[in-house]
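Reading the structure
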Amino acid sequence: MVDKIRYGIIGSGMMGIEHIMNINIIPDSVVTAIADPHEGSRNWAKATAANPIELYSDFRDLLESADIDAVIVSTPNFTHASILDVLFETDLHILCEKPLCTTFEDAKNAALKSKSHD
């Protein structure tokens, strides 16, 4: 029997909700936690999830407390680099919405940090 892949979603705006709906229909996958600083977005995500989920206002709390195997970053583009800086210090699988970064320096930094985990 295959265990379910447990996802955490960072950012539950339009794209975060799209990811939740897609994961809802993937066998052996489940969203277990969502982080978003906006209460309305967290509530929207909770209503969209196919199962009970943990809600966090700060993604760092999600990383410390949630039972997840992978994380999806679906926050505003300019926030990706700072979130990835934290995520690259974990062993989680990461899917980040495009663009990965909005500046060349941020992209170079992300590439160097991700390569150190190969």
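Residue indices begin from 1 for each chain and proceed along its sequence in written order. For a predicted model such as this one, the threshold for reporting local features is a pLDDT of at least 70, and the threshold for listing and counting side-chain atom pairs is 80 or more; totals across whole chains, interfaces and linings nevertheless cover every residue. Based on all heavy atoms of the structure, the side-chain values leave hydrogens and waters out of the count.

Moving on, we get to the sheet that holds strand 2 (residues 29–35). Here five strands make up an open sheet; going across it, the order is 3-2-1-4-5 and the pairing parallel. The open sheet has two edge strands, strand 3 (54–56) and strand 5 (93–96), and neither has a second partner. Going from strand to strand, the sheet's axes swing by 25° on average, the running direction of each strand aside. By definition, two strands form a pair when at least two bridges between them are found by DSSP. In this description a helix means any DSSP run of H or I spanning at least four residues, a strand means any run of E spanning at least two, and both kinds are numbered starting from the N terminus. Here four bridges tie strand 4 (residues 70–73) to strand 5, and the two strands are oriented parallel to one another. Each residue of the ladder has a partner; that of V71, found in strand 5, is I94. By definition, residues are in contact when any of their heavy atoms lie within 4.5 Å. Axis definition: a line fitted to C-alpha atoms, limited for helices to the stretch in contact. Angles are taken between N-to-C directions and run from 0 to 180 degrees. Taken strand by strand, helix 2 (residues 39–48) contacts strand 2 and strand 3, and its axis lies near 165° from that of strand 3.

For the bond from K98 to P99, the omega torsion is -5°, close enough to zero to count as cis. Position of P99 relative to the elements: it lies in the loop between strand 5 and helix 5 (104–115). Non-glycine residue D28 carries a positive phi angle of around 60°. One can find D28 in the loop between helix 1 (14–24) and strand 2.

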